[in-house]
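Chains, contacts and geometry: an overview
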Amino acid sequence: VKHGGRGKACFFDAEMDEATRARRLIESELRHAITRHQIHLSYQPILDAHSGVISGYEALMRWNRPGHGICEPDVFIPIAEESGSIVQLGEWVLQQACSEAARWPHPLTIAVNVSPVQFMLPNLAERIETILEETRLAPDRLEIEITEAALFRDRDRVMTTLQRLRSLGVHIVMDDFGTGYSSLSNLRTFPFDKIKVDRSFTGMLEHDAAARSIVRAIIGLGHSLGMPVVTEGVETETQRRIVVEEGCAQVQGFLLGKPDIEPSIKFAARRNFLS
Ligand code: C2E
Ligand code: CA
Ligand code: CA
Ligand code: CA
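For every chain, the first residue of its written sequence is number 1, and the numbers climb from 1 along that sequence. Chains carry letters from A onward and ligands carry numbers from 1 onward, assigned in written order. Per-residue local features of the predicted model are confined to residues with pLDDT of at least 70, and side-chain atom pairs are confined, for both listing and counting, to 80 or more; whole-chain, interface and lining totals are unaffected and use all residues. Hydrogens and water are ignored here; the side-chain numbers use all heavy atoms of the structure.

- As recorded in an unreviewed UniProt entry, the protein goes by the name Diguanylate cyclase (GGDEF)-like protein/PAS domain S-box-containing protein, listed as coming from Rhizobium laguerreae.

A few points about the pairing of strand β1 (residues 39–48)
- In terms of burial, β1 is a largely internal element, 8 of the 10 residues being buried.
- Two elements, β1 and strand β2 (residues 54–65), share 9 bridges in a ladder whose sense is antiparallel. Following the sheet pairing, P45 is matched in β2 by Y57.
- Between any two strands, pairing holds if DSSP finds at least two bridges. Runs of H or I in DSSP of at least four residues are treated as helices and runs of E of at least two as strands, each being numbered from the N terminus. Two successive antiparallel strands, β1 and β2, enclose a turn made up of 5 residues, where G52 displays a positive phi of approximately 80 degrees.
- Where β1 and strand β9 (residues 250–251) come together, 2 bridges link them in antiparallel fashion. In the sheet register, D48 faces β9, and the bridge partner there is Q250. Burial here depends on accessible area, computed with a 1.4 Å probe over protein chains only, as a share of the maximum for the residue type. Under 20% is buried, over 50% is exposed, and the range in between is partly exposed.

Notes on the coordination of the calcium ion (ligand 2)
- For Na, K and Ca the donor cutoff is 3.2 Å, while for all other metals N, O and S atoms must lie within 2.8 Å; water is not among the atoms, so some sites may look incomplete. For the calcium ion (ligand 2), the protein coordination sphere consists of E58 (OE), N113 (OD1), E145 (OE) and D175 (OD), at 2.1 to 2.3 Å.
- The calcium ion (ligand 3) is placed at 3.9 Å from the calcium ion (ligand 2), the two being bridged by D175. You can see E58 sitting in strand β2 and its partner N113 sitting in strand β4 (residues 109–113), a full 55 residues away along the chain.

A closer look at the packing of helix α3 (residues 86–101) against helix α4 (residues 124–135)
- Packing of α3 against α4 leaves a shortest axis separation of 9 Å and a crossing angle of 30 degrees. One finds that α3 runs roughly parallel with respect to α4. Crossing of α3 over α4 shows right-handed handedness. For the pair α3 and α4, contact is made by E91, L94, Q95, C98 and S99 and by R127, I128, I131, L132, E134 and T135, respectively. As a rule, the C-alpha atoms of each element are fitted with a line to give its axis, helices using only the stretch in contact, and angles between N-to-C directions run from 0 to 180 degrees. Relative orientations are named as follows: roughly parallel for angles under 35 degrees, roughly antiparallel for angles over 145 degrees, roughly perpendicular for angles from 65 to 115 degrees, and oblique for any other angle. It is the rotation of the near helix from the far one that decides the hand of a crossing: anticlockwise by less than a right angle makes it left-handed, clockwise makes it right-handed. Only heavy atoms matter for contacts: two residues are in contact if any of them lie within 4.5 Å across the pair.

Some remarks on the site of ligand 1
- Close to ligand 1 lie 22 residues; Q44, R62, R199, E235 and F254 are nearest.
- Two N or O atoms form a polar contact when they lie within 3.5 Å of each other; inside protein one atom must be a possible hydrogen donor and the other a possible acceptor, and for residues adjacent in sequence the pair counts only when both atoms belong to side chains. In the environment of ligand 1, a nitrogen atom lies 3.0 Å from a nitrogen or oxygen atom belonging to the backbone of M61.
- One of the side-chain N or O atoms of D176 is found 3.3 Å from an oxygen atom in ligand 1.
- Reported accessibility uses the Shrake-Rupley method at a 1.4 Å probe radius. Residues are deemed covered only where the shown protein chains occlude them. Out of a free accessible area of 800 Å², ligand 1 has 87% covered by protein chains.
- For each structure, a 1 Å grid was placed over the protein atoms alone; sets of points admitting a 1.4 Å probe that cannot get out are labelled cavities, open sets with protein on both sides within 12 Å along at least five of seven lines are labelled pockets, and lining residues have an atom within 4 Å of a point. Each molecule is assigned to a cavity or pocket provided more than half of its atoms lie within 2 Å of the corresponding grid points. With respect to the pocket detection grid, ligand 1 is positioned in the largest pocket.
- The leading source of residues in the shell around ligand 1 is β2, at 4 residues.
- Under the convention adopted here, Pro, Cys and the residues Ala, Val, Leu, Ile, Met, Phe, Trp and Tyr are nonpolar, Asp, Glu, Lys and Arg are charged, and Gly plus all remaining residues are polar. For the shell around ligand 1, the class distribution of residues is 8 nonpolar, 5 polar and 9 charged. We define proximity as follows: a residue is near a molecule or strand when any one of its heavy atoms falls within 4 Å of that partner.

Some words on the side chain of S42
- Tracing the sequence through the fold places S42 in strand β1.
- Classification of S42 by relative accessible area gives buried; the value is 7%.
- Apart from residues lying up to four places away in sequence, S42 is in contact with E58, A59, L60, R62, P259, D260 and I261.

Overview of the layout of surface pockets
- Grid points are joined across faces, edges and corners, and a volume is the space filled by probe spheres set on the points. If you add up the space inside the largest pocket, you get close to 1100 Å³.
- The wall of the largest pocket is formed by 37 residues, among which E58, L60, P73, D74 and N113 lie closest to the centre.
- Contributing elements (two or more residues each) for the lining of the largest pocket: β2, α2 (73–83), α3, β4, β5 (142–146) and β6 (171–177).
- For the lining of the largest pocket, the residue count by class is 16 nonpolar, 9 polar and 12 charged.

Looking at empty space enclosed by the protein
- Across all of its chains, the model carries 1 cavity of 30 Å³ or more by this definition.
- Counted as a void, the largest cavity has a volume near 50 Å³.
- Lining the largest cavity are V87, E91, L94, Q118, L121, L124, R127 and I131.
- Only α3 and α4 provide two or more residues apiece to the lining of the largest cavity.
- Broken down by class, the residue content of the lining of the largest cavity amounts to 5 nonpolar, 1 polar and 2 charged.

So this is what it looks like as structure tokens:
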């Protein structure tokens, strides 16, 4: 029996259909996910690297998909971005995260991920301003996390939005730095306040000298531009020690706290790294 290309092609087509169907299903389910109360936020602590005190939390979206359990954002966010429902989801996340954070003790901050698709909206800054007013969250307690992918769409629009947010007092974080299209000029051109080192580097720190050099270079770059650097994905004590030695300002990762629906129970938690 010959394993002809034709049979393979048919099998492949069937698989494609399957994947397309699964995608369409997610797409249509996502449109109702908010009204059906299937979306919630998890909060992961971000700590001061030296004192170990929690300085704030990052809001991470979760989808409790009927029949599937908790669905990972890496699975559904790309689909939501393609179908456009990320706009509605992202708005909900901002609203929810800000109203939650407004009840937290001062000066805890809240970091919210904003999709490149949301940055194409002409009125994103105004929407965020309204949400801040409605929730009465002080603008300087909100951090907007943006990836470089957003900067490559309509640079002028993104620049205008970021400048407006900046003038409100909102902080802008360059997320996942070191991956994808990382360009040093973006850091200088756009009004960023902080750099977040991608966790792929953190994972390699212990065994890969090059990873450590990259992290050192990013931290040095941050210093020279007046931007503190936060390292995400810190899973081991050795990784934490290395990034603190390299001058990182803040740390985030499973070692220090996993994303949790109830951040308030951790408010009292302090880790003393110096002891
Ligand atoms: P991200 O913004 O880079 O978020 C950090 C991701 O790393 C989170 O995954 C977090 O759970 C995970 N993480 C944190 N510490 C560790 C660690 O020590 N080890 C490992 N292995 N992972 C760690 P999550 O929650 O699955 O989110 C994945 C991505 O989905 C996020 O990456 C972000 O790009 C996106 N995302 C999540 N929530 C939202 C949202 O509300 N809006 C938008 N636009 N994107 C979101
Ligand atoms: Ca992030
Ligand atoms: Ca990140
Ligand atoms: Ca990421």
